[in-house]
Amino acid sequence: MSSRTAATRNNTLWFWLFTGPFVIGLLIFSYLPILWSLVLSFFEAQNTVTPSKFVGLRNYVDMLTDDNFISSLGTFTVFAIFIVPLTFVLSLALALLVNQVQIARAFFRSVFFLPTACSYVVASLIWKLSIFNGVRFGLANTVLGWFGADQIAWLSTVDPPWFWLPIVSVRLWLQLGFYMILFIAGLQRISPTLYEAAYVDGAKPGWQTFRFITWPQLRATSVAVLLLNLIAAYQAFDEFYNLVGNVNFARPPLVYLYSISLGSIQDLGHGSAGAMILAVVIIVLTLLQNKIFGFGKAND
């Protein structure tokens, strides 16, 4: 056996020693449940995960004609309209500001990124019990009281829908730092010579350099942020479930599917069909966004 062959086998062995446990865990806890959920979606599976009665596409038809499921998709649409553009604009603005800081830059990165490490459940409970709890001891109502305004039942007022403020604000607080870091990484990849050449040609620092240099160079990063943000919005669960619970006026798809599959009904057949429909919607929107923005293409 040659030394090159022995080295290749040794590298292969170390590769599988390091990656093998993760691959096995991914198969057991991710891919197999997804595959089994696909199987369950074609069966009548109430109070069981080993169904025997095949129903074909009936579960899918039931979910697509279920007003509550369609309403949950509408709730997501409203949430995405709020959270995706706000997260994109604010995280980009934070990245531009932090990237310009010359003193204690690492400190400011850490400060804005730190909320990302916080649990969504913990943050939601803080928002619910301390800031937007709708009684006179809540921080938001205390501040309103300083200006003589009436107290607001933030999480139960439907008209106007004040519940969107705590839901959107807690998600912004939790995820802005993560997307800020992505934009900072994209900014640091831009060659300084592009800005130097622009200044020689008479471009002014600020809006002109951002519009004609920074923004085009950030296209790949921007599309990645939009994709990740949209998928994360579809997967919203913790803040909705812990802030407003399982109510019709603020119930995204995952909360509704959770109530079907693991609630009192425990209908895993319809829940699995709804999950598959949601997965298809995410894939279609991702491909559509990829088609529109050209993710992966070279910058012009």
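Preceding this section is the structure that the text describes.
Description of the structure in this document. For clarity, every value in this text was computed on a predicted model and none was experimentally measured.

So, how was this worked out
- Residues numbered from 1 in each chain as written.
- Predicted model: local features only at pLDDT ≥ 70, side-chain atom pairs only at ≥ 80, totals over all residues.
- Heavy atoms only, no water.
- Helix = DSSP H or I, 4+ residues; strand = E, 2+ residues; numbered from the N terminus.
- Rg over C-alpha atoms; globule rule 2.2 N^0.38 Å.
- Buried < 20%, exposed > 50% of the residue type's maximum accessible area, 1.4 Å probe, protein only.
- Contact = heavy atoms within 4.5 Å.
- Areas by Shrake-Rupley, 256 points an atom, 1.4 Å probe, with all protein chains shown as cover.
- Salt bridge = Lys/Arg side-chain N within 4 Å of Asp/Glu carboxyl O.
- Axes fitted to C-alpha atoms, helices over the stretch in contact; angles between N-to-C directions.
- Nonpolar A, V, L, I, M, F, W, Y, C, P; charged D, E, K, R; others polar.
- Phe/Tyr/Trp six-rings, centres within 6.5 Å; stacked < 30°, edge-to-face > 60°.
- Core = buried A, V, L, I, M, F, W, Y, C linked by side-chain atoms within 4.5 Å.
- Parallel < 35°, antiparallel > 145°, perpendicular 65-115°, else oblique.

Turning our attention to the overall build of the protein chain. Scanning the protein chain from N- to C-terminus turns up 13 helices and two strands. The C-alpha radius of gyration of the protein chain comes to 24 Å, more than 25% above the 19 Å expected for a compact globule of 300 residues. If you line up the protein chain on its principal axes, its C-alpha atoms span 85 × 70 × 35 Å. Residues classed as buried in the protein chain amount to 38% of the 300 residues present. Long-range pairs, those at least 24 residues apart, make up 67% of the contacts in the protein chain between residues at least 6 apart in sequence. Total accessible area on the protein chain stands at roughly 17,700 Å², and carbon and sulfur atoms take up 69% of it.

This part covers the pattern of salt bridges. A complete count under the given rule lists three salt bridges for this structure. Its salt-bridge partner being Lys53, residue Glu44 comes within 3.7 Å of it at the nearest N-O pair. Glu44 sits in the partly exposed class, given a relative accessible area of 38%. Using a relative accessible area of 46% as the deciding quantity, one classes Lys53 as partly exposed. Where Arg171 meets Glu239, a salt bridge forms, and the shortest distance between an N and an O atom there is 2.7 Å. Taken together, the residues span a long stretch of sequence, with Arg171 in helix α7 (residues 164-188) and Glu239 in helix α11 (residues 238-243) at a distance of 68 residues. For the pair formed by Arg171 and Glu239, the shared burial category is buried. Residues joined by salt bridges that share partners form a network here, namely Glu44, Lys53 and Arg58.

What follows covers the packing of helix α4 (residues 105-113) against α7. At a minimum axis distance of 8 Å, the contact between α4 and α7 shows a crossing angle of 145°. Taking contact as the criterion, the partners of Arg109, Phe112 and Phe113 in α4 are, on α7, Gly177, Phe178, Met180, Ile181, Ile184 and Gln188. Classifying every residue of the contact of α4 with α7 by side-chain character gives six nonpolar, two polar and one charged.

This part is about the packing of aromatic side chains. All chains considered together, the criterion is met by 21 aromatic pairs. Ring centres 6.0 Å apart and planes at 85° place the aromatic pair Phe88 and Trp215 in the edge-to-face group. Placement of Phe88 in helix α3 (residues 67-100) and of Trp215 in helix α9 (residues 207-217) is noted, with a sequence separation of 127 residues between them. The buried category is assigned to Phe88, whose relative accessible area is 11%. Given the relative accessible area of 38%, Trp215 is considered partly exposed. Taken together, a centroid distance of 5.1 Å and an interplanar angle of 40° make the contact between Phe163 and Trp164 tilted. There is no split in this pair, since Phe163 and Trp164 are both buried.

Before going further, it helps to examine the nonpolar core. Ranked by size, the top nonpolar core spans 62 residues in total, and within it Met63, Phe79, Ile167 and Phe240 carry the most contacts. Here Met63 is in contact with Phe69, Tyr256, Leu257, Ile260, His270, Ala273, Gly274 and Ile277, once residues within four sequence places are set aside.

Here the focus is the packing of α3 against helix α12 (residues 253-262). The interhelical angle for the contact between α3 and α12, taken along N-to-C directions, is 150°, at an axis separation of 8 Å. Considering the angle they form, α3 stands roughly antiparallel to α12. Along the contact surface, α3 presents Asn68, Phe69, Ser72, Leu73 and Phe76, while α12 presents Pro253, Tyr256 and Leu257.

Structurally, Thr209 is set in helix α9. Not counting residues up to four positions away in its chain, the partners in contact with Thr209 are Tyr195, Tyr199, Ala203, Lys204 and Thr214.

The next thing to look at is the side chain of Asn229. The topology assignment puts Asn229 in helix α10 (residues 219-234). Take Asn229: its relative accessible area is 1%, and that puts it in the buried class. Beyond its immediate sequence surroundings of up to four residues, Asn229 is in contact with Ile83, Val84, Thr87, Phe88, Gln175 and Tyr179.

Counting buried residues in α12 gives seven out of ten residues, a clear majority hidden from the surface. Along α12, the positions that sit buried rather than exposed are Pro253, Val255, Tyr256, Leu257, Ser259, Ile260 and Ser261.

By the secondary structure assignment, Trp207 is in helix α9. A relative accessible area of 59% means that Trp207 is categorised as exposed. Taking the C-alpha atoms as reference points, Trp207 and Val61, 146 residues apart in sequence, are found 51 Å from one another.

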